[in-house]
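Below are the chains, spelled out letter by letter.
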Amino acid sequence: MADINIVLVEPEIPQNTGNIARTCSVTGAALHLVKPLGFEIDDKKMKRAGLDYWNELEIHYYDDLADFLEKNKDEEMWLFSKKAKHVYSDVAYSKRVFLVFGKETKGLPESLIAERFDYSLRMPMKEGSRSLNLSNTVAIAVYEAMRQRDFEHLKCEGELSASFGKS
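Residues numbered from 1 in each chain as written. Predicted model: local features only at pLDDT ≥ 70, side-chain atom pairs only at ≥ 80, totals over all residues. Heavy atoms only, no water.

(A) Expanded view of the overall build of the protein. For the protein, the helix and strand inventory stands at 6 helices and 7 strands. When the helices and strands of the protein are listed from N to C terminus, the series reads β-α-β-α-β-α-β-β-β-α-β-α-α. A burial count over the protein gives 43% of its 167 residues as buried. Across the protein, the fraction of contacts at a sequence separation of at least 24, relative to all contacts at a separation of at least 6, is 76%. Counting only carbon and sulfur atoms, one obtains 49% of the accessible surface of the protein, whose full area is about 9,600 Å². (Helix = DSSP H or I, 4+ residues; strand = E, 2+ residues; numbered from the N terminus. Buried < 20%, exposed > 50% of the residue type's maximum accessible area, 1.4 Å probe, protein only. Contact = heavy atoms within 4.5 Å. Areas by Shrake-Rupley, 256 points an atom, 1.4 Å probe, with all protein chains shown as cover.)

Here it is in structure tokens:
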């Protein structure tokens, strides 16, 4: 299993899940989908958003949140919620981490956030803002975890630019 694991609990919008799958694929993160899903996995909107990255994706499915929590009970998990205690960039992510996100319309269950409040994270936003788009939030979180690892196993843009502009 990957070092960075993205968990979507009951995602509702296929395009968001497709975009998140693409982010997982290009960063080497694994994607965990917790049912029920608000769409079919073969939804063409989701596949289009993920383009041809599906064959490069490590993906896991769970029947429900209880199933996911039971199967991963010993893992470090950070929950993302606008009601969270910490800012996403204020914590040190372990070598192997699960970043858990709720559905687009309601987020994670409040009981889960209350139970694991010390392990809940938020994205700063201006006052009165409702939320960021789920796929953007996931990308920010993944890249913060990658930044803390000095982007190991990723090719950084600077490594590509050495040949740029040569005739």
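(B) Broad picture of the environment of L79. Along the chain, L79 turns up in strand β4 (residues 77–80). For the pair L79 and L112, spaced 33 residues apart in the sequence, the C-alpha separation amounts to 8.7 Å. The contacts of L79, once residues within four sequence positions are left out, are V100, L108, L112, I113, R116, Y119, S120 and L121.

(C) Main features of the packing of helix α1 (residues 14–27) against helix α5 (residues 134–148). Where α1 meets α5, the closest approach of the two axes is 9 Å, and the angle between their N-to-C directions is 15 degrees. If you check the angle between α1 and α5, you find them roughly parallel. Along this stretch, α1 crosses α5, giving a crossing that reads as right-handed. Contacts between α1 and α5 involve N16, N19, I20, T23, V26 and T27 from the former and L134, S135, V138, A139, V142, Y143 and M146 from the latter. Taken together, the residues of the contact of α1 with α5 sort by class into 8 nonpolar, 5 polar and no charged. (Axes fitted to C-alpha atoms, helices over the stretch in contact; angles between N-to-C directions. Parallel < 35°, antiparallel > 145°, perpendicular 65-115°, else oblique. Left-handed = near helix turned anticlockwise from the far one by under 90°. Nonpolar A, V, L, I, M, F, W, Y, C, P; charged D, E, K, R; others polar.)

(D) A look at a nonpolar patch on the surface. Together, M125, L132 and I140 give the surface a local cluster of nonpolar side chains, amounting to about 210 Å² of exposed area. Its place among the elements puts L132 in the loop between β7 (120–122) and α5. Of the residues examined, L132 reaches a relative accessible area of 36% and is grouped as partly exposed. (Patch = residues over 30% accessible without salt bridge, like charges linked within 9 Å, V, L, I, M, F, W, Y side chains within 5 Å. Salt bridge = Lys/Arg side-chain N within 4 Å of Asp/Glu carboxyl O.)

(E) Expanded view of the sheet that holds strand β2 (residues 30–34). Spatial ordering of the open sheet is given by β3-β2-β1-β6-β4-β7-β5, a layout of 7 strands whose pairing is parallel. Edge positions in the sheet fall to β3 (59–62) and β5 (86–87), since each of these pairs with one other strand and no more. Taken together, the 2 bridges between β5 and β7 define a ladder with parallel strand orientation. Across the sheet, residue H86 finds its bridge partner in β7, namely L121. Packing of α1 onto the sheet brings it into contact with β1 (4–9) and β2, and relative to β2 it is tilted by some 150 degrees. The strands touched by α5 are β1, β4 and β6 (97–101); relative to β1, the strand with the most contacts, the crossing angle is about 160 degrees. (Pairing = 2+ DSSP bridges.)

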